[in-house]
Amino acid sequence: MLLFVTLFAAAVAVPAPVGEMPVINPKAGEPATCPATSRYEASRLGKTPRAQKLNELPDADVYRAVYRRIGKCEAPIIVKFGVAGG
């Protein structure tokens, strides 16, 4: 009985090998004509990314957690604009 319990515990304790996580881009099928969906994306268009302090970032918008599309473009539901940190 002890041998059975030991073998069972050893079999359960071995984790399964972890594979590579697939990278999913939700905007992969969007045409290039779709507008930027967030204020952050809109402010970045045509600019080189650089480090910024948190107080230099634009105010945030509050979005509803809904994945909505109009045509082939992402169309989030914004419930409040310009939420500043405090």
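Residues numbered from 1 in each chain as written. Predicted model: local features only at pLDDT ≥ 70, side-chain atom pairs only at ≥ 80, totals over all residues. Heavy atoms only, no water.

Engineer: Please explain the side chain of Asp61 as it appears in this structure.
Structural biologist: Checked against the element boundaries, Asp61 lands in strand S1 (residues 60–63). Asp61 gets classed as buried once you look at its relative accessible area, which sits at 14%. Here the side chain of Asp61 touches Gly82 through a polar contact of 3.1 Å, landing on its backbone nitrogen. (Helix = DSSP H or I, 4+ residues; strand = E, 2+ residues; numbered from the N terminus. Buried < 20%, exposed > 50% of the residue type's maximum accessible area, 1.4 Å probe, protein only. Polar contact = N/O pair within 3.5 Å; in protein donor to acceptor, adjacent residues only side chain to side chain.)

Engineer: Is there a simple way to explain the state of the cysteines in this structure?
Structural biologist: What makes a disulfide is a covalent bond joining the sulfur atoms belonging to two cysteines. Evaluated as defined, the whole model comprises one disulfide. Note that Cys34 is cross-linked by a disulfide to Cys73, the S-S spacing being 1.9 Å. The sign of the S-S torsion, about -80 degrees, decides the handedness of the disulfide formed by Cys34 and Cys73: left-handed. Of this pair, Cys34 sits in the loop between helix H1 (2–13) and helix H2 (39–44) while Cys73 sits in strand S3 (residues 73–74), placing them 39 residues apart in sequence. Of the two residues, Cys34 and Cys73, neither departs from the other in class, the shared state being buried. (Disulfide = S-S within 2.5 Å.)

Engineer: Where do I start with the pattern of salt bridges in this structure?
Structural biologist: Oppositely charged side chains can pair when the atoms bearing their charge come close. Scanning the model with the defined rule gives one salt bridge in all. Between Arg69 and Glu30 there is a salt bridge, with its nearest N and O atoms 3.8 Å apart. Of the two residues, Arg69 sits in strand S2 (residues 69–70) while Glu30 sits in the loop between H1 and H2, which places them 39 residues apart along the sequence. (Salt bridge = Lys/Arg side-chain N within 4 Å of Asp/Glu carboxyl O.)

Engineer: Which parts of the structure should I look at to understand the confidence of the model for the chain?
Structural biologist: The predicted structure's coordinates, where accompanied by low pLDDT, should not be read in detail. Residues of the chain with pLDDT of at least 70 account for 74%, and the chain-wide mean is 76. Per-residue pLDDT, averaged within each element of the chain, yields its smallest value for H1 (61) and its largest for strand S4 (residues 78–83) (85). (pLDDT = per-residue confidence, 0-100.)

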